[in-house]
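# Remarks on the overall topology
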Amino acid sequence: MTTLQTDTYYLFGNLLRFHAHSPDTGGAYCLVETLTAPGAGAPPNRHPDDDEAFYILEGLFEIMVDGETVQAQVGSFVKIPTGAIHAFRNIGPAPGRLLIINSPGRVHDGFFTEAGEPMPVGTRDLPPPNGEPLDIQRVIEIGRRNGLEFLPVDHPH
């Protein structure tokens, strides 16, 4: 049995620890454990070439799938239909943890390893805010190159 190298990245208030990259699984999936700060998550996005599912380990999350919002707590499993517009947000008072499974995983492998801020091996805690604004255009472009499309946030009138 081989031990896989774990890569850790920080983006959108999420600390993402890759337990398996797509190439590690013969192109079947990638598995990411995510620690999400209160109020943080992922903005609305879609990816037609990567299936996705969330399993909540700790905390309370709000997950939007094609305009419908559900609350997900510890033990909840939420499958995102391929290509569906989706987003998630930690609505609890403390950091939350979830497993994110993507198949075949190439979209997320490519996006997070390029757009995320690399963290030291073994990092388990959210870094303190550095005060620098996120370069949204850079993140959108990296997403586009990797098959991940970000969508504008709709605000109800």
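Provided above is the structure to which this section pertains.
Read on for a plain summary of the structure. (Residues numbered from 1 in each chain as written. Predicted model: local features only at pLDDT ≥ 70, side-chain atom pairs only at ≥ 80, totals over all residues. Heavy atoms only, no water.)

For the protein chain, the helix and strand inventory stands at two helices and 12 strands. Along the protein chain, helices and strands appear, N-terminal first, in the series β-β-β-β-β-β-β-β-β-β-α-β-α-β. Its C-alpha atoms give the protein chain a radius of gyration of 15 Å, within 12% of the compact-globule value 15 Å for 157 residues. A principal-axis box enclosing the C-alpha atoms of the protein chain has dimensions of 55 × 35 × 35 Å. Here the protein chain, with 157 residues, has 44% of them falling under the buried criterion. (Helix = DSSP H or I, 4+ residues; strand = E, 2+ residues; numbered from the N terminus. Rg over C-alpha atoms; globule rule 2.2 N^0.38 Å. Buried < 20%, exposed > 50% of the residue type's maximum accessible area, 1.4 Å probe, protein only.)

What follows is about the packing of helix 1 (residues 106-115) against helix 2 (residues 136-145). Closest axis-to-axis distance for the helix 1/helix 2 pair is 9 Å, and the angle between their directions is 155°. Judged on the interaxial angle alone, helix 2 and helix 1 are roughly antiparallel. Two packed elements cross with a definite hand, and for helix 1 against helix 2 that hand is right-handed. Between helix 1 and helix 2, the residues in contact are Phe 111, Glu 114 and Ala 115 and Arg 138, Val 139, Ile 142, Gly 143 and Arg 145, respectively. Here the contact of helix 1 with helix 2 is composed, by residue class, of four nonpolar, one polar and three charged. (Axes fitted to C-alpha atoms, helices over the stretch in contact; angles between N-to-C directions. Parallel < 35°, antiparallel > 145°, perpendicular 65-115°, else oblique. Left-handed = near helix turned anticlockwise from the far one by under 90°. Contact = heavy atoms within 4.5 Å. Nonpolar A, V, L, I, M, F, W, Y, C, P; charged D, E, K, R; others polar.)

Function-wise, these values are silent; they only describe arrangement.
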